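An overview of the molecular structure
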Amino acid sequence: MRRTPLFIAGFVLVAAAAGGAGYWFAKSRTAPASEAAAPAQEPSGRKILYWYDPMVPQQRFDKPGKSPFMDMQLVPKYADDTGGEGTVSIDPRVAQNLGVRTAEVVAGSIERRIEAVGSVAWNERGVVVVQARSGGFVEKLHARAPLDPVAKGQPLVELLAPDWAAAQEEYLSLRRAGKDASLAEAARNRLQLLGMSEAQISLLEKEGKPQARITLYAPISGVIAELGVREGMTVASGAMLFRLVDLSSVWVNAEVPETQGAWLRPGAAVEARVPSFPGQVFRGRVSAILPELNAATRTLRARVELANPGAMLKAGMFATLAFSEGTGTKALLVPSEAVIRTGARSLVIVAEGEGRFRQQDVEIGFDSGGKSEVRKGLAAGDKVVVSGQFLIDSEASLKGSGTRMEGAASETAAQTHSGTGVIVAVSERELLIRHDEIPSAGMGAMTMPFLAPAGGIPPGLKKGDRIRFEFTARPDGQFRVTKLVPAEASVPEHGAHK
């Protein structure tokens, strides 16, 4: 007889516990755990409409407290947060916690600077050719191999020139006779035409003996680019014996993109680097822009002349070059990461202070060194957002102010994202999912609600199941699950993303 009351009491306790769990779940979907009454006004007199989580702005709460989705406090929405057209407001503390950074628009100078690649070549303006001024025989060769270094004044080759011997004998005979000075002068000029220098003729006049052998010396310091003679050869008048190259400077033939070559001018400063000497900078200038375009690569060829101390740069080396105009153009500058390019236009998010933000169309000029030139749309001293635009865009969507990034946002809204996670709670129209990081949507790991698939939740899925899912972002800021399968299965193909 005593079992019946005990059974009834146990049943009542179980029912009460189940009712309490259901009440807690319902509360967690509609409001945070805090039981404090929602104040109609703050002490400052500002009227509060509701509270919300900035990362899940479509979910509204009627009481303050901690967000059920993120480890952060809910943010109040004030009645006077209207702002102008395209203006949104975010609590400054929330903006700071979520990494919204700003930078000031400054007046400065931006140096037009582009980078290109090229290969090192000999400076053809430093090439000297050594020739035989008269026919003869090569008796001794001092420089015997191509690419051998030579110093200015170094002997290169000794030639036996029979024509010199006869011409010298004729000049000495006329000079000794002394009868006709004009004939002696003509004979002397003939020696010069045969290639004898003034020093050699003076030595002939001093010694009075013909010199049939001549030594040719290097006129510059450099290397032997080409060797056209060998010991024992017979050479004709005008034959090329040596081609010498001065290595004190070299050329780099740089391939400059056609779109960036319009402003490049001869005389522009250049800094070059080669892999063989990391950390070493070789400086020079553009000597010429060649009048031809490579049709295959759509590049112009810029001829750059570089100083070559110690002959460190060798022909054929690969080089990277940075071109600059030397003097910067005065302009308003913003960090390049602050500019949002949609294809049809460029815009920035301007921080107006006290948590207010608005979008602003701008005209962007040249980019260099992480800075962008602003030609229209901003003034010096304005502050622009350089990170956290996603948060501001979500708030703009919540307000319906039309501030969502046109073009960029529409592409994001149409894109399908996929992820994995665990079902935390299930209702007829929503799923609460604790998902892993979703890089394509810019989401970290978090717990957040998703609208159920249009065809309903597949049977068999329940709380605690690990799933794979796909979803899209709707224009109202909510996320709709489009495909949902257990984690062990694979998500069916949905076609190419837009």
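As the structure is a computational prediction, the values presented were derived from the model and not from experiment.

**Topic: the packing of helix H3 (residues 162-177) against helix H4 (residues 181-193)**
Relative to each other, H3 and H4 sit at 155°, their axes nearing to 9 Å. Relative to H4, H3 is oriented roughly antiparallel. Here the hand of the crossing between H3 and H4 comes out left-handed. Note on element contacts: H4 touches H3 through Leu 183, Ala 184, Ala 187, Arg 188, Arg 190 and Leu 191, opposite Ala 167, Gln 168, Glu 170, Tyr 171, Leu 174 and Arg 175. A class-by-class count of the residues in the contact of H3 with H4 yields seven nonpolar, one polar and four charged.

**Structural notes on the nonpolar core**
In this structure, Leu 156, Val 157, Leu 159, Val 229, Leu 241, Phe 242 and Leu 244 are the most contacted members of the largest nonpolar core, which totals 31 residues. Where this core is concerned, the elements lending two or more residues are strand S9 (136-141), strand S11 (155-160), H3, H4, helix H5 (198-207), strand S12 (213-217), strand S13 (222-227) and strand S15 (240-245). No other element matches the four residues that H3 contributes to this core. Residue contacts for Leu 244: discarding those within four places in its chain leaves Gly 126, Val 127, Val 128, Val 130, Val 150, Leu 156, Ala 218, Pro 219, Ile 220, Val 223, Ile 224 and Ala 225. Core analysis: the next-biggest nonpolar cluster, separate from the first, contains 24 residues, Val 252, Leu 264, Ala 268 and Val 274 among them.

**Details of the confidence of the model for the chain**
The predicted model of the chain has a mean per-residue pLDDT of 78, with 78% of residues at 70 or higher. Every residue in residues 400-414 is under pLDDT 50, and counting partners more than four places away or in other chains gives 32 contacts. With pLDDT under 50 throughout, residues 490-498 is counted as low confidence; its partners more than four residues away or in other chains account for 16 contacts.

**Structural notes on the sheet that holds strand S18 (residues 282-294)**
Strand order in the closed barrel formed by six strands is S7-S16-S19-S18-S17-S20, with antiparallel pairing between adjacent strands. The average angle at which neighbouring strand axes cross in this sheet is 40°, direction not considered.

**Notes on the pattern of salt bridges**
Throughout the structure, instances matching the rule amount to 17 salt bridges. When the shortest N-O distance is used, the salt bridge between Arg 101 and Glu 337 registers 3.9 Å. With Arg 101 in strand S5 (residues 101-104) and Glu 337 in the loop between strand S21 (329-335) and strand S22 (340-341), the pair connects residues that are 236 residues apart, well separated along the chain. Between Glu 170 and Arg 190 there is a salt bridge whose closest N-O contact spans 2.8 Å. Placement of the pair is Glu 170 in helix H3 and Arg 190 in helix H4, with a sequence separation of 20 residues. Judged by relative accessible area, which is 39%, Glu 170 ranks as partly exposed. Linked by salt bridges that have partners in common, Arg 188, Glu 198 and Glu 205 make up one network.

**What about the environment of Glu 488?**
Note that Glu 488 resides in the segment after strand S31 (479-486). For Glu 488, a relative accessible area of 73% translates into the label exposed. For the pair formed by Glu 488 and Ile 467, sequence separation is 21 residues and the distance between their alpha carbons is 7.8 Å.

**Here's the deal with the pairing of strand S17 (residues 269-273)**
On S17, burial follows the alternation: Val 270 and Ala 272 on one face are buried, whereas Ala 269, Glu 271 and Arg 273 on the facing-out side are not. Relative to strand S20 (residues 318-324), S17 is paired through five bridges, and the arrangement is antiparallel. By the bridge assignment, Ala 272 is partnered in S20 with Leu 321. Bridging between S17 and S18 involves four bridges; their strand directions are antiparallel. Along S18, the bridge assignment pairs Ala 272 with Phe 282.

Rules used in this analysis
- Once a new chain begins, its residue numbering starts again from 1 and follows that chain's sequence as written.
- With pLDDT at 70 or above as the cut-off, local features in this predicted model cover only qualifying residues; side-chain atom pairs require 80 or more to be listed or tallied, and sums for whole chains, interfaces and linings still use all residues.
- Just so you know, side-chain values use all the structure's heavy atoms and leave hydrogens and water out.
- Here an axis means a line fitted to C-alpha atoms, over the contact stretch when the element is a helix, while the angle between two N-to-C directions is reported on a 0 to 180 degree scale.
- Strands here are runs of E lasting at least two residues and helices are runs of H or I lasting at least four, both read from the DSSP assignment and numbered beginning at the N terminus.
- An angle below 35 degrees is treated as roughly parallel, one above 145 as roughly antiparallel, one from 65 to 115 as roughly perpendicular, and anything else as oblique.
- Take the far helix as your reference; a near helix turned counterclockwise from it by less than a right angle gives a left-handed crossing, and one turned clockwise gives a right-handed crossing.
- By the convention used here, residues are in contact when the closest approach between their heavy atoms is within 4.5 Å.
- Amino acid classes used here: Ala, Val, Leu, Ile, Met, Phe, Trp, Tyr, Cys and Pro are nonpolar; Asp, Glu, Lys and Arg are charged; the rest, including Gly, are polar.
- Buried residues of nine kinds, namely Ala, Val, Leu, Ile, Met, Phe, Trp, Tyr and Cys, make up a nonpolar core once their side-chain atoms join them within 4.5 Å.
- Only protein chains enter the accessibility calculation, which uses a 1.4 Å probe; a residue is then buried when its area is under 20% of its type maximum, exposed when over 50%, and partly exposed in between.
- pLDDT expresses, on a scale from 0 to 100, how confident the predictor is about each individual residue.
- At least two bridges found by DSSP between two strands are what make those strands a pair.
- Salt bridge, as used here, is a side-chain nitrogen of Lys or Arg placed within 4 Å of a carboxyl oxygen of Asp or Glu.

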